[in-house]
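# Chain and residue survey
Here is how the chains run, residue by residue.
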Amino acid sequence: MSFSVHPLIGGGGICSRESPRKEHTFVVGSCRLERGRVAQQMAIALVAVFFAYSWEALGSELSGRGQRLPKIRVSGNRFVTADGRPIVLWGVNYFRPGTGWAPQVWKQFDPKRTADDFRLLRSYGVNCVRVFLTFGSFFREPDRLEEEGLRKFDEFLDLAEAHGIYVHPTGPDHWEGLPPWTRRDRFADEEMLAAQEQFWRLFAARYRGRSVIFAYDLLNEPTVGWDSPAMRTGWNRWLVQKYQSPEQMAAAWGLPAEKIPWGQVPPPAAKGNDPVQALIDYQDFREEVATEWVRRQASVIKEADPEALVTVGLIQWSVPVVLPGLRQYSGFRPDRIAPWVDFQEIHFYPLARGFFDYTQPEDWKLNLAYLQACVNECAAVGQPVVIAEFGWYGGGRLTFGNHPAASEEDQARWCTLAVMTTWGLACGWLNWGVFDHPEARDVSQLTGLFRVDGTPKVWAEQFRILAAKLNADLIPRAKVPPLRLDWERARVDPQIGRNFLQDYLGEFTPPPDFLTSTSVREHATPLSDREEPVPASGRKN
């Protein structure tokens, strides 16, 4: 993001839950525990118990023997361990409440609390945590790594490995402050490009062979900027290379040659009055900038550690199905970056028709169709796909905007359906956050698996059962419409993507429990009837 209960599962939905606070029933769709299915339910429950025990046992064994986790590799469109066993990446983005916003993960690193968190996460089926590296703790100068940050990361890796959890670090970001030298165009400025290459050259060399590192994410949600001095220089160089002369460019753009400021052509305004070919050219150029940025960093990582896996954590606007505007298209196109990454990684939040608040039944289906369409476009390149950020709020009221309170059951249902909708396309899911985070100024306030006090939310218990079902391959593969986005047109006309989404929606088959359900609110216990959740008294400034 740019910023105790045991449900029984059958037929793909949550059938019931027993709360330690008060007993009540939670039903999704028409799912019922019927006499003929009791054995199936008991079997699934036993799988879940066995799964949780096995993960715990592995973590204890690794800790006791000082062994390392097996290396994860890519095999076709899935992940396997070094000995060839398939593995589903199932985990969270790691940051703790009480560390500010943005979270000061490394400046406030607490080994004991981290070990406690990993022990808790392991018991809920987690096998991977994604964590943000920062300039402030790791790369304050463009030619060297910070020893204090590395020492903390070393300890983080050791704690994770001792509990049987893989680590998925991102490239250095702004969470703990930006040194003055970084305040330039990260994607087009040559000095910034060289500095980022140096970061990965040093970092990947230091951790060469550490199999607890699942993969390197070059950067969280990168977007090639629309305009900067470096972008203008590169843009005009690109135009000269493509068109050779102002006359040829003028003919392609449908303009008089005298209207072309050859060598000083500004980026399109993107306000609806640009020549279509100008927009096509500029999005082509932005994609080239993005691809070259990926190529250079991935190459130095592979030179330092040939066995390392590399990806990029794409924002959902990277797939132009629902674009807020042309400038929001990131430029990171899955098929263009595929030669340089080992798998695709996408983030998704339900924003198909603005802020999703659970109250409109039609928005559930629309957002699920939007999610599947985005993931399907990533999967089409033939590489594994990880949804490295997903989730939504539940368990109270957000402190910003005028959004209605949402129950924990709302959150659990959305997240469950998100996984079911993409199972068979994706082979990894990482929830946004471990705990609810009151200090946040976005939905992170209430997206955790656990409440601020560490007690499990409904989603945490469903998450644990899903872990067992995914690894036992007990969830039906999602049905995917045979439709593909007209990418060339969608990145220059947002309406193309929205039209595609409507077509996709018409052929989209939701997960089974959704078909007969109108609103989760029919089945969830109202907040007023439950013990009050931990308040989300976050700062808004």
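Residues numbered from 1 in each chain as written. Predicted model: local features only at pLDDT ≥ 70, side-chain atom pairs only at ≥ 80, totals over all residues. Heavy atoms only, no water.

## Here we look at the pairing of strand β9 (residues 216–220)
Successive side chains on a regular strand alternate, one facing one side of the sheet and the next facing the other. Heads up, the condition is: When a residue's accessible area, from a 1.4 Å probe over protein chains only, is under 20% of the maximum for its type it is buried; when over 50% it is exposed; and in between it is partly exposed. Secondary structure is summarised from DSSP: a helix means a run of H or I of at least four residues, a strand means a run of E of at least two, and numbering begins at the N terminus for each. Think of it this way: DSSP has to see at least two bridges between two strands before they count as a pair.
With respect to burial, β9 is a largely interior element, five of its five residues being buried. In this structure, β9 lies alongside strand β10 (residues 310–314), joined through three bridges in parallel fashion. Bridge assignment links Asp217 to a residue of β10, and that residue is Thr311.

## What to know about unusual backbone geometry
Of the consecutive residues Trp101 and Ala102, the connecting peptide bond is found in the cis state with omega at 0°. As for its placement among the helices and strands, Ala102 is situated in the loop between β6 (89–93) and α2 (111–123). Phi is positive for Gln244, which is not a glycine, with a value near 70°. Assignment of secondary structure puts Gln244 in the loop between α6 (229–243) and α7 (246–253). Phi at Ala270 is positive, roughly 60°, even though this residue is not glycine. In this structure, Ala270 sits in the loop between α7 and α8 (276–304).

## Notes on the packing of α6 against α8
How two helices pack is summed up by the angle between their axes together with the distance between the axes. What counts here: For helices, the axis comes from a line fit to the C-alpha atoms of the stretch in contact; other axes are also lines fit to C-alpha atoms, and the angle between any two N-to-C directions lies between 0 and 180 degrees. By the definition adopted for this analysis, an angle is roughly parallel if under 35 degrees, roughly antiparallel if over 145, roughly perpendicular if from 65 to 115, and oblique otherwise. Each crossing gets its hand from how the near helix is turned against the far one by less than a right angle, where anticlockwise is left-handed and clockwise is right-handed. The contact definition used throughout considers only heavy atoms, calling two residues in contact when any of these lie within 4.5 Å. Throughout, the ten residues Ala, Val, Leu, Ile, Met, Phe, Trp, Tyr, Cys and Pro are labelled nonpolar, Asp, Glu, Lys and Arg are labelled charged, and all others, Gly among them, are labelled polar.
Closest axis-to-axis distance for the α6/α8 pair is 10 Å, and the angle between their directions is 115°. Taken together, α6 and α8 sit at an angle that is classed as roughly perpendicular. The two elements α6 and α8 meet at a crossing, and its hand is right-handed. Touching Met231, Gly234, Trp235, Trp238, Leu239, Lys242 and Tyr243 of α6 are Gln277, Ala278, Asp281, Tyr282, Asp284, Phe285, Arg286, Glu288 and Val289, all from α8. Of the residues belonging to the contact of α6 with α8, the class tally is nine nonpolar, two polar and five charged.

## Describing the environment of Asn127
Note the following rule: N or O atoms within 3.5 Å of each other form a polar contact, as long as, within protein, one can give a hydrogen and the other can take it, and as long as residues adjacent in sequence are counted only when both atoms are side-chain atoms.
Structurally, Asn127 is set in the loop between α2 and β7 (128–134). Engagement of the side chain of Asn127 in a polar contact is seen with the backbone oxygen of Val88, the distance being 2.8 Å.

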